[in-house]
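Each chain, letter by letter, is given below.
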Amino acid sequence: MKENLSKKIVNSSAAQEENFLNWNNILQELKMVFGNDVYESWIKNINLKKEFNHYVILSAPTRFVRDWIVSRYADKVLDQIKNFKQSIQRIEFLIEEKEEKLNKKDYPKNSHVSAIENSLLNYNRFDTNNSFDNFVVGESNELAYMAAKRVCLESSHYNPLFIYSGVGMGKTHLLNAIGLEIEDKQKVMFISAERFMYHFIRSIKNNEMVKFKDFFRKANIFIIDDIQFVGGKEAMQEEFFHTFNALIERGSKIVISSDRPPSNLERIQERIKSRLSGGLVVDIQPPDLNLRKKILKNKFEIIKRNFKENYIISDEVFDYLATEISSSVREMVGALNRVLAFSKINNKSPSVYECKRILKDFIIYNNKLINVESIQNSVASHFNLNIQEMLSPRRSRSLARPRQIAMYLAKQYTTNSLPDIGRRFSNRDHTTVIHAVKKIEDLLKKDNEIKQSVNEIKKKFL
Ligand code: ADP
Ligand code: MG
């Protein structure tokens, strides 16, 4: 895969003006980069309108969609375009209303199923692999697991149940498991906040708000993933608040996931935060080594079962993966897949040495094993802080310095843009990041203590 990527770059640097960008190819890449939800909700609505030497003009169907994309995804979109054509320096958007109308043809005019329902039902499918049975329980996730199981019982009083954790810790897995468990018995609605928002906007445009409301308020259990994404969208929050209240009133259960606790959600109305904290709030902590090993073995069994292949993986390799990749379970599973591919091709387990090689490639290609979150984790643990403290607005030196070091390392070791790094530090401005980077660069030249700290932290996440 890495070879592909570098080939692409070589090709594009050789590209002449007459080598126009193939937008469909770029969309395919964007889908991989952003994942299905974000892609379906926003990215696929972008079109390439015009291409110049150093910039491209893209179209978005509405002002709202444009603003949304520009504020959240533009950096990564540009990065992908650059992969195809290095000379592109920036992107511009124009608004092209007719695109949205074209989309309407997805739905037959006289269909008895409403457009909303039709498109929503596609998102209400559950992944049978992510069941309670396939969730490995340990100290760090036990509470969330038990609470999720409890929600499935008639007698549960946890309402709403709010689960939060860093990325790749199993939130979506648990939400999915709840859905699987009760979909036969009750009407379950499972949707990501991004997706909810997309349908909300679409319904406003198409004058389908009544249907929208009805649809969501019918649920016996309403599960919404990654709520942090509704930050800032007032009209949408308003609707969410009313949906929430209507559901509670009719005795439906609500389950929510987020990357942070309700009190730390940004640009979300206080009254919503207080509603979100009104039931049970539980977190999932990063798994310890032992649990990581168990999860790996469990995934391994599932993959073997699903693909009916007999992969050979030695115990040393499991140990190696579980020890080396601690930032998120998702990364660990990604690494396992790499190792399995090797095992299949060579019909033997890779040695640890070979693993290093296989995963080095994985790390470079994926760039995900080191990310802003894993850096923040390493810095916080080095200074004995918790992440929330480190990201808080407080300016005391004991917090500000670690925060600056984390920003500095994020700039050095990830491909995230400065605004994006800023956003991941509780929505700070990119100028704050620039300042932090300069500050630490300066200190590294003259302050041995900082230098030593930075080196120790690097060992943690590299
Ligand atoms: P999140 O939603 O918190 O970012 P996911 O639920 O998408 O994380 O989990 C990422 C991957 O890790 C999924 O493949 C999931 O099945 C797996 N995973 C996470 N925790 C566990 C666990 N305790 N047992 C089994 N698999 C897990
Ligand atoms: Mg998730």
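Residues numbered from 1 in each chain as written. Chains lettered and ligands numbered in written order. Predicted model: local features only at pLDDT ≥ 70, side-chain atom pairs only at ≥ 80, totals over all residues. Heavy atoms only, no water.

Caption draft 1: Representation of the pattern of salt bridges within the structure. Scanning all chains against the criterion turns up 20 salt bridges. Taking the shortest distance from any N to any O, the salt bridge between Arg424 and Asp420 comes out at 3.0 Å. Taken together, the residues Arg424 and Asp420, both in helix α20 (residues 418–424) and 4 residues apart, mark about one turn of the helix. For Asp420, a relative accessible area of 10% translates into the label buried. (Salt bridge = Lys/Arg side-chain N within 4 Å of Asp/Glu carboxyl O. Helix = DSSP H or I, 4+ residues; strand = E, 2+ residues; numbered from the N terminus. Buried < 20%, exposed > 50% of the residue type's maximum accessible area, 1.4 Å probe, protein only.)

Caption draft 2: The arrangement of the confidence of the model for the chain in detail. Predicted confidence across the chain gives a mean pLDDT of 84, with 88% of residues reaching 70 or more. Averaged pLDDT values over the elements of the chain bottom out at 38 in helix α5 (residues 98–103) and peak at 97 in strand β4 (residues 161–164). Ignoring residues within four places in sequence, the model shows residues 99–115, a span with pLDDT below 50, making 16 contacts including any to other chains. Confidence drops under a pLDDT of 50 for residues 363–368, and excluding neighbours within four residues, the segment shows 12 contacts in the predicted structure. (pLDDT = per-residue confidence, 0-100. Contact = heavy atoms within 4.5 Å.)

Caption draft 3: Seen up close, helix α3 (residues 63–72). Buried within α3 are the following residues: Val65, Trp68 and Ile69. Projected down its long axis, α3 carries its buried residues within an arc of 95°, all on one side. (Arc of directions from axis to C-beta.)

Caption draft 4: Focus on the site of ligand 1. Lining the immediate environment of ligand 1, one finds 18 residues, of which Gly168, Thr172, His173, Lys299 and Arg330 sit closest. Note that an oxygen atom of ligand 1 is positioned 2.6 Å from one of the backbone N or O atoms of Gly168. Between ligand 1 and Lys171, the relevant distance is 2.9 Å, taken from an oxygen atom to a side-chain nitrogen or oxygen of the residue. Alone, ligand 1 offers 560 Å² of accessible surface; in the complex the protein occludes 90% of this. Taken together, the elements giving at least two residues each to the shell around ligand 1 come down to α8 (171–182), α13 (289–307) and α15 (329–346). At 3 residues, α8 tops the list of elements feeding residues into the shell around ligand 1. Here the shell around ligand 1 is built from residues that sort into 6 nonpolar, 9 polar and 3 charged. (Near = heavy atom within 4 Å. Polar contact = N/O pair within 3.5 Å; in protein donor to acceptor, adjacent residues only side chain to side chain. Areas by Shrake-Rupley, 256 points an atom, 1.4 Å probe, with all protein chains shown as cover. Nonpolar A, V, L, I, M, F, W, Y, C, P; charged D, E, K, R; others polar.)

Caption draft 5: Examining the pairing of strand β7 (residues 253–258) more closely. Of all the 6 residues making up β7, 6 are buried; the element is thus mostly covered by neighbouring parts of the structure. Note that β4 and β7 share 4 bridges and pair parallel. Counterpart to Ile163 in the pairing with β7 is Ser257. The sheet contact formed by strand β6 (residues 221–225) and β7 spans 4 bridges and is parallel. Each bridged residue has a counterpart across the sheet, and for Ile224 the counterpart in β7 is Ile256. Read as a crossover between parallel neighbours, the route from β6 over helix α11 (residues 234–249) to β7 is right-handed. (Pairing = 2+ DSSP bridges. Right-handed = clockwise from strand over helix to strand, strands pointing away.)

Caption draft 6: Looking closely at the nonpolar core. If you look at the biggest cluster of nonpolar residues, it comprises 55 residues, and the most contacted ones within it are Ile43, Ile81 and Phe222. In terms of residue count, helix α2 (residues 23–41) provides more of this core than any other element does, 7 residues in total. Ile43 has contacts with Leu27, Leu30, Phe34, Val38, Tyr73 and Val77, leaving out every residue within four places of it along the chain. If you look at the next biggest cluster of nonpolar residues, it comprises 27 residues, including Tyr408, Ala410, Ala436 and Ile440. (Core = buried A, V, L, I, M, F, W, Y, C linked by side-chain atoms within 4.5 Å.)

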